Amino acid sequence: MSSIVDDTSVNLSVNLGKIQLKNPVMPASGTFGYGEEFADFINLNDLGAVIVKGTTLRPRLGSFQHRLVEIPGGSLCSIGIQNVGVDRFIADKLPYLRQFRVPVIVNIAGESVEEFARVTEILSKAEGVSGIEINISCPNVKKGGMHFGVDPDATFAVVRAVRNATDLTVMPKLTPNVTDITAFARACEEAGADAISLINGFVGMSIDVNSKRSRLGKNLTGGVTGPCIKPLALRLVWQVAQVVNVPVVGIGGITSAEDALEFILAGACAVEVGTYNLVDPWVMIEIIDGIRSYLMEKKISGLNAIRGTFEA
Amino acid sequence: MSSIVDDTSVNLSVNLGKIQLKNPVMPASGTFGYGEEFADFINLNDLGAVIVKGTTLRPRLGSFQHRLVEIPGGSLCSIGIQNVGVDRFIADKLPYLRQFRVPVIVNIAGESVEEFARVTEILSKAEGVSGIEINISCPNVKKGGMHFGVDPDATFAVVRAVRNATDLTVMPKLTPNVTDITAFARACEEAGADAISLINGFVGMSIDVNSKRSRLGKNLTGGVTGPCIKPLALRLVWQVAQVVNVPVVGIGGITSAEDALEFILAGACAVEVGTYNLVDPWVMIEIIDGIRSYLMEKKISGLNAIRGTFEA
Amino acid sequence: MFREESTVLANEELAPGFWKMRLVAPGIAAATKPGQFINIKVTRCKDPLFRRPFTVFRCSDFGGGNTGIELVYEIVGRGTRVMSAMRKGEGLDLIGPLGRGFELRHDKRVHILVGSGVGLPALFMLGEELSLAAGRRELELVIMIDAKTKKRLILEEEFRSLNGKTMISIHDGGYDYHGYVTEMLRTYIDEEGIAADCAIYACGPELMFKAMVPICSQYNVPAQISMERNMGCGVGACLSCVCRVNKEAVMKYRDIRSSHVQFEDEGNSGYALVCRDGPVFNIDEVIFDE
Amino acid sequence: MFREESTVLANEELAPGFWKMRLVAPGIAAATKPGQFINIKVTRCKDPLFRRPFTVFRCSDFGGGNTGIELVYEIVGRGTRVMSAMRKGEGLDLIGPLGRGFELRHDKRVHILVGSGVGLPALFMLGEELSLAAGRRELELVIMIDAKTKKRLILEEEFRSLNGKTMISIHDGGYDYHGYVTEMLRTYIDEEGIAADCAIYACGPELMFKAMVPICSQYNVPAQISMERNMGCGVGACLSCVCRVNKEAVMKYRDIRSSHVQFEDEGNSGYALVCRDGPVFNIDEVIFDE
Ligand SMILES: Cc1cc2nc3c(=O)[nH]c(=O)nc-3n(C[C@H](O)[C@H](O)[C@H](O)COP(=O)(O)OP(=O)(O)OC[C@H]3O[C@@H](n4cnc5c(N)ncnc54)[C@H](O)[C@@H]3O)c2cc1C
Ligand SMILES: Cc1cc2nc3c(=O)[nH]c(=O)nc-3n(C[C@H](O)[C@H](O)[C@H](O)COP(=O)(O)OP(=O)(O)OC[C@H]3O[C@@H](n4cnc5c(N)ncnc54)[C@H](O)[C@@H]3O)c2cc1C
Ligand SMILES: Cc1cc2nc3c(=O)[nH]c(=O)nc-3n(C[C@H](O)[C@H](O)[C@H](O)COP(=O)(O)O)c2cc1C
Ligand SMILES: Cc1cc2nc3c(=O)[nH]c(=O)nc-3n(C[C@H](O)[C@H](O)[C@H](O)COP(=O)(O)O)c2cc1C
Ligand code: FES
Ligand code: FES
């Protein structure tokens, strides 16, 4: 499968459902705003796709303050899916993104199956949306995510409802807070998902020993993200990639091309970079370059030749 | 409950089943050898208890080499419960520990309910063993831990068998790799556990992108331990402490008195320090001193006054 | 805003726990306005992970072809401890300038800077600007400095070198004023009878701002305050640095379409982003004690 | 073994990527024997988390009342990169001396040190001891140094200053010997006819040791080699630094009750701990390529 290649012939493109990505690197929802915030640092056209902040039917103000605290090697955060709502997203945010030649994937959240379906319908009619990532796993919102993501039947119901509401690429995003993640991946596939992304944050907590209160204030728990979860995420992605036929997108603690390649070797078709975007806004470009260099050095012509080649 | 105290009147003692600990700090199994290894750094008499390396019926050589790799803020390791077996433990290791006035808790592992029971019986007859910590959760051993720890019925069966085999304090140690850890805690309590400790490592993985092999060599996956798992562990301990009546022992990423106090505020009666013992062999003493200082500064006479006082 | 890989030129302790760092950073030095901040990556490791935000204390030409910035910081945790161990020649990765700084109230005559601890550096560049104008007799500059103890008093000399009146208040006494800076502020406005003529610019702990609220409303004095929040990104992407704000006040001061403020559907409040809409806010915009 | 909080006295680059650090550490300097190592905490943060093991290159009196140790290290990852950024005056937390070092074979006449790259520092203290004896004409010292390229050659001067014969082999040529040090070793033993009289002490990559195996067995020459493993604790508690060993050979060399070796129930192998039973092993004890 591998062949000698020159500088330009390394092909980083991959297919994610109906979307063709020019390379396998995308921002993880919630860590890249609506793209605009990063325009001083990178050219959005260089990315595989843009995945925007979690979007709900109605605007949401999100969690109380003290939303993010640093933990060793990561973040504990509870943003509570603050967002402007799907209508203002389409009116105010999408036009900016339409200027670029980059697929836009909208991460959606909801409190009922109907809400997920409704947001999907609205987005499907908007020009410039290529895919829907379904956040069934957001651990921060009391009524939202957790409920669907830890029950395979609820997972199936949400994915099926979104599937029925759109022809766009549908990509449910799994939560790691379960005993056997493969059951959830299978449920998504059966429900008609075009791809599966994982993982969202692990549920975590941090206490200020002086005030005896959560360091996240009134938000008792939060999602643990960042480099510290990478080994956990990698193992889950590896497990899921072995049991489903749809493309798998790896997420969790990626900070470098090496990290991204670990996920690809474990079977991921593409990756999302989350927390580390906040640290180095240009990191995704470094990752794309690094993946290209790796393939060139090893004289491999494309990602298909290495995906899932981890030797277990 | 709190009262003004002088230097000496701070009472750090706690009860763990039938064992009285002079303070709430113990080493986590597998990170303290058999105590002897730390004699140059600390006086074992200063500890709440000593918990020794996981012990099995027959000696075990454990995992292949490449047993520990560093990850951001933690370790990914697969020791595979290398140990000399219960008989040599009693003959060669226990006599050393008997010199000290410190309770000895033996962490046991096994591949069948019967093996757990048998090891327990043998240990119960040995002089100088105060308690049994049941490792139903070791994620490293193919046939061992994982099997019991992710199935509440199997968890119940093991704990019940150990309970029936001994009058010593019985403390099952839970795995975090489950959807709802409270179900497992309840199963342990019903089976007659005197206390519950948690957590063991999260399952994780790391790939060397050049060799395309696990950085743990032939051991594909390992247990993620250390500071990076603390926020995850803390939340699980908090959850468990709310649903059981037996004392809960908090484990996961503890490196300082503050970390230990977070667990105690979340409801833990005592804590175990694991990975960080490997970095600073004297850290448990610093933690004990730090807890004492905290209580003195806040003019609190004992741990009972702060346990579980996290304001949710 | 942009990235600048800078080099430490000097790093010295000003007072126990307070440090000043000099960084070669010509790009950021040229672009920074009073009250703006930079975001520093203190290590190349994963712990500490996030960048740390610091106000630019001063932009200077350090000689030898080096222009750059100075930071004044207090050691409070792991990141600042790592910074204090840095020595001349080490590299440091910066993003900046970030945020929205102070706006000079040209309609006022007396400009009062109110600062405490490591809030003081946020006021210095504005102080320099006001000092120039004061030198030209266009306005009056008053500098009020707060410190818990005399030992924790920093930057006194630097602020005294400006064309202004410097007043220092120490909580436990032993200097110009015994007590809190806010009491000194109230007395000054009251005794000088300048309520109608003055504007306040402040940086310090939230408790100080809260003590200023009744003073500002009693005398109807405008105040700009520089807020702090834990930050993820510093560029408006992660929504972690929110500050509860009052809708009516925000609508009065800001073009809402170019701001990052999001309001409740119903009700009169919302969230602004400290990293984009701030760090400087008008005091009446902020809702304290959420 | 004990903890010693030391201070960096100097830290300089020897060759691209290779550094030498001088640490004030009188306790460890006084206690260390050739081939032993120390375990260094390179930061106070949680990443890098674990201590890093380094052989003591040399124990010295640095003058000015400072005695301590020197380390020679190569930048290979995050920990060593952090170390290379350290400057005089910074603190460093050490545990040492650790492990079991080299044992001088008093029954032999010709003592050959075989070292490559950052394996060389592990041999220097032994070299100093042998050099003294060689000066008294009690034995002969031969030093064989290996480097991939001339640029990566380190410590040449230091080793040449000993009372011994120094031979240098560079993989791509341009010095005494063109090729691998093991080929040079074979030729030397063969041509000098010293097989019955010599003992080898080696430190370098495992590939080098593996190339030595047939030479040692062909000429029946004893060799001690210093092994490396990722370490958790360095004190024998975590069982992560295991090295597969041959039971028969181990039983020949060691008092098994005071060792940390554990054997299979059946079969002829087991695991030794590099941090306690090693880092120095007899070459026939080790089973390579597990
Ligand atoms: C706009 C702005 C300007 C600032 N300017 C200065 C300055 O000029 N001089 C100065 O000494 N300090 C300043 N601070 C505060 C400074 O950012 C914190 O003291 C610093 O981040 C603490 O880092 P640490 O690693 O030492 O502490 P840790 O407690 O270990 O930090 C843990 C996390 O909390 C965050 N954090 C902790 N304290 C604060 C805080 N007060 N504000 C925001 N985040 C915090 C850190 O950034 C980090 O993400 C400013 C803060 C902001 C928001
Ligand atoms: C007994 C002993 C003596 C040593 N003496 C020296 C010496 O004198 N000079 C020198 O340059 N190097 C020496 N090494 C190797 C040195 O320990 C590693 O190069 C160093 O730990 C790498 O750390 P890092 O953070 O830069 O690399 P990283 O790759 O980031 O390290 C990650 C983890 O792997 C471990 N690790 C990586 N490489 C090695 C290795 N080769 N051996 C053991 N652990 C490793 C680290 O300790 C750390 O836990 C010695 C190793 C051992 C076991
Ligand atoms: C500040 C922040 C906000 C996030 N918001 C969302 C969100 O709106 N929807 C979602 O599905 N995931 C959200 N996430 C989770 C990330 O998309 C990602 O799954 C997680 O952070 C793990 O990746 P990382 O370790 O690279 O950060 C958020 C994460 C962070 C840190
Ligand atoms: C090197 C190592 C060996 C371990 N061996 C055991 C063991 O034998 N039995 C067991 O129950 N847990 C074992 N553990 C798990 C620890 O006891 C502890 O549960 C885990 O490391 C989490 O705590 P920490 O984050 O403080 O390390 C081991 C952990 C490490 C790092
Ligand atoms: S810090 Fe990320 S939005 Fe302000
Ligand atoms: S490093 Fe822990 S036993 Fe050797």
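Conventions used here
- Residues numbered from 1 in each chain as written.
- Chains lettered and ligands numbered in written order.
- Predicted model: local features only at pLDDT ≥ 70, side-chain atom pairs only at ≥ 80, totals over all residues.
- Heavy atoms only, no water.
- Helix = DSSP H or I, 4+ residues; strand = E, 2+ residues; numbered from the N terminus.
- Rg over C-alpha atoms; globule rule 2.2 N^0.38 Å.
- Buried < 20%, exposed > 50% of the residue type's maximum accessible area, 1.4 Å probe, protein only.
- Contact = heavy atoms within 4.5 Å.
- Areas by Shrake-Rupley, 256 points an atom, 1.4 Å probe, with all protein chains shown as cover.
- Lys, Arg positive; Asp, Glu negative; His and termini not counted.
- Charge placed at Lys NZ, Arg CZ, Asp CG, Glu CD.
- Pairing = 2+ DSSP bridges.
- Axes fitted to C-alpha atoms, helices over the stretch in contact; angles between N-to-C directions.
- Least-squares fit on C-alpha atoms with pLDDT ≥ 70 in both.
- Buried area = accessible area lost by both parts, 1.4 Å probe.
- Salt bridge = Lys/Arg side-chain N within 4 Å of Asp/Glu carboxyl O.
- Polar contact = N/O pair within 3.5 Å; in protein donor to acceptor, adjacent residues only side chain to side chain.
- Near = heavy atom within 4 Å.
- Nonpolar A, V, L, I, M, F, W, Y, C, P; charged D, E, K, R; others polar.
- Parallel < 35°, antiparallel > 145°, perpendicular 65-115°, else oblique.
- Left-handed = near helix turned anticlockwise from the far one by under 90°.
- Phe/Tyr/Trp six-rings, centres within 6.5 Å; stacked < 30°, edge-to-face > 60°.
- Lys NZ or Arg CZ within 6 Å of the ring centre and 35° of its normal.

Participant: Just to check I follow, could you spell out the overall build of chain A for this structure?
Facilitator: Along chain A, the regular secondary structure elements total nine helices and 16 strands. The C-alpha atoms of chain A give 18 Å as radius of gyration, which agrees with the globular expectation for 312 residues (20 Å, within 12%). Each of the three principal axes of chain A carries a C-alpha extent, and together these read 60 × 45 × 40 Å. Classification of the 312 residues of chain A by burial places 68% in the buried group. Intrachain contacts of chain A at a sequence separation of at least 6 include 73% that bridge at least 24 residues. Summing over all exposed atoms, chain A offers an accessible surface of approximately 10,100 Å²; the carbon and sulfur share of this is 46%. Taking the 28 positively charged and 32 negatively charged side chains of chain A as two groups, their mean positions are separated by 6 Å.

Participant: So what exactly am I meant to see when it comes to the pairing of strand β14 (residues 222–225) of chain B here?
Facilitator: Regular strands show a simple pattern: their side chains alternate between the two faces of the sheet. Residue and element names in this part refer to chain B. Across three bridges, strand β6 (residues 74–77) lies against β14 in antiparallel orientation. Bridging across to β14, S75 finds its partner in T225. Looking at chain direction, strand β11 (residues 202–204) and β14 are connected through three bridges and run antiparallel. Looking at the pairing, G204 lines up with G222 of β14.

Participant: I keep staring at the sheet that holds strand β7 (residues 104–108) of chain B and nothing clicks. Help me out?
Facilitator: By definition, the strands of a sheet pair up through backbone hydrogen bonds, in either a parallel or an antiparallel sense. Residues and elements named next belong to chain B. In spatial order, the strands read β3-β16-β15-β10-β9-β8-β7-β4; together these eight strands make up an open sheet with parallel pairing. At either end of the open sheet lies a strand with only one pairing partner, and these are β3 (25–27) and β4 (50–55). Averaged over neighbouring strand pairs, the angle between their axes works out to 25 degrees when direction is ignored. Bridge analysis of strand β8 (residues 131–135) against strand β9 (residues 169–174) gives five bridges, and the strand direction is parallel. What sits directly across from E133, in β9, is M171. Sheet strands in contact with helix α2 (residues 113–125) are β4, β7 and β8, and its direction is about 160 degrees off that of β7.

Participant: Help me understand the sheet that holds strand β14 (residues 242–246) of chain D in this model?
Facilitator: All names here are of chain D. With antiparallel pairing, the three strands of this open sheet are ordered in space as β14-β16-β15. Edge positions in the sheet fall to β14 and β15 (262–263), since each of these pairs with one other strand and no more. Across two bridges, the pairing between β15 and strand β16 (residues 269–273) is antiparallel. Across the sheet, F263 pairs through a bridge with G270, a residue of β16.

Participant: I tried to follow the relation of the copies chain A and chain B on my own but got confused; where do I start?
Facilitator: Here the second copy of the chain follows from the first by a rotation about an axis and a shift along it. Expressed as a screw transformation, the operator carrying chain A onto chain B has a rotation angle of 180 degrees and an axial translation of 0.0 Å, and the superposed copies differ by an RMSD of 0.0 Å. When the rotation and shift are considered jointly, the pair of chain copies conforms to a two-fold rotation axis. A share of 100% of interface residues in chain A that are also interface residues in chain B marks the association as one of identical surfaces.

Participant: Can you walk me through the interface of chain A and chain B in this structure?
Facilitator: By a frequent convention, interface size equals the accessible area lost on bringing the separate parts together. Between chain A and chain B, the contact holds 40 residues from the first and 40 residues from the second. Taking both sides of the interface into account, the surface hidden between chain A and chain B amounts to around 3,900 Å²; carbon and sulfur atoms contribute 69%. The largest per-residue losses of area from chain A upon contact with chain B belong to M205, V209 and K212 of chain A, which jointly make up 19% of the total buried on that side. Linking chain A with chain B are two salt bridges. The tally of links between chain A and chain B comes to 13 residue pairs in polar contact (both at pLDDT 80 or more). Of all the elements in the fold, those that place two or more residues in the side of chain A that touches chain B are β11 (202–204), β13 (213–214), α6 (230–243) and α7 (257–265) of chain A.

Participant: Is there a simple way to explain the site of ligand 4 in this structure?
Facilitator: Neighbouring residues of ligand 4: 22 residues in total, closest S29, K173, G226, G253 and T275 of chain B. Near ligand 4, residues from chains B and D are present, making the site a shared one. Interatomic distance of 3.1 Å between a side-chain N/O atom of K53 of chain B and an oxygen atom of ligand 4. With respect to ligand 4, the side chain of N200 of chain B contributes an N or O atom lying 3.4 Å from an oxygen atom. Considered on its own, ligand 4 offers 600 Å² of accessible surface; in the complex 97% of this is hidden by protein. Across the shell around ligand 4, the residue classes break down as seven nonpolar, 13 polar and two charged.

Participant: Just to check I follow, could you spell out the site of ligand 3 for this structure?
Facilitator: By nearness alone, 22 residues border ligand 3, and S29, K173, G226, G253 and T275 of chain A come closest of all. Surrounding ligand 3 are residues belonging to chains A and C, so the site spans chains. I199 of chain A is positioned with one of its backbone polar atoms (N or O) 3.0 Å from an oxygen atom of ligand 3. A distance of 2.8 Å separates an oxygen atom of ligand 3 from a polar atom in the backbone of G226 of chain A. Within the complex, the protein chains bury 97% of what would otherwise be the 610 Å² of accessible surface of ligand 3. Taken together, the residues of the shell around ligand 3 break down into seven nonpolar, 13 polar and two charged.

Participant: Sorry if this is basic, but what is going on with the packing of helix α5 (residues 181–192) of chain D against helix α6 (residues 206–219) of chain D here?
Facilitator: Packed helix pairs are characterised by how far apart their axes lie and by the angle those axes make with each other. Residue and element names in this part refer to chain D. Contact geometry for α5 and α6: axes closest at 9 Å, N-to-C directions at 15 degrees. Classified by the angle their axes make, α5 and α6 are roughly parallel. As α5 packs across α6, the resulting crossing turns out to be right-handed. Listed contacts from α6 to V181, T182, L185, R186, I189 and D190 of α5 are M208, A211, M212, I215, Q218 and Y219.

Participant: Looking at this structure, how should I read the pairing of strand β8 (residues 110–116) of chain C?
Facilitator: Residues and elements named next belong to chain C. In terms of residue burial, β8 counts as a mostly covered element, since seven of its seven residues are buried. Along β8, one buried face is formed by V110, I112, V114 and S116 and the opposite face, lined by H111, L113 and G115, is buried too. Note: β8 against strand β9 (residues 140–147), seven bridges, orientation parallel. Within the sheet, the bridge partner assigned to S116 lies in β9 and is D146. Where β8 meets strand β12 (residues 198–203), six bridges bridge the pair, whose relative direction is parallel.

Participant: Looking at this structure, I do not really get the environment of S240 of chain C. What am I missing?
Facilitator: The topology assignment puts S240 of chain C in the loop between β13 (223–226) and β14 (242–246). Assessed through its relative accessible area of 2%, S240 of chain C is described here as buried. Separated by 120 residues in the primary sequence, S240 of chain C and L120 of chain C have C-alpha atoms spaced 25 Å apart. Not counting residues within four places of it along the chain, the set of residues in contact with S240 of chain C comprises R67, L68 and I79 of chain A together with N230, M231 and G232 of chain C.

Participant: What should I look at first to understand the packing of aromatic side chains in this one?
Facilitator: Two aromatic rings are characterised by how far apart their centres lie and by the angle between their planes. Within this structure, the stated rule accounts for 21 aromatic pairs over all chains. Their ring planes at 25 degrees and their centres at 4.3 Å tell us that F32 of chain A and F38 of chain A sit as a pair that is stacked. The class of F38 of chain A is buried, set by a relative accessible area of 0%. With 5.9 Å between their ring centres and 45 degrees between their planes, F41 of chain B and W282 of chain B make a pair best called tilted. Separated by 241 residues along the polypeptide, F41 of chain B in the loop between β3 and β4 and W282 of chain B in the loop between α8 (275–279) and α9 (283–297) bring together distant segments of the chain. Here the two residues F41 of chain B and W282 of chain B agree in accessibility, since each one is buried. Among the aromatic residues, those joined into a cluster by ring pairs are F57, F124 and F159 of chain C. Taking the ring centre of Y271 of chain C as reference, the NZ or CZ of R244 of chain C above it sits at 4.7 Å.

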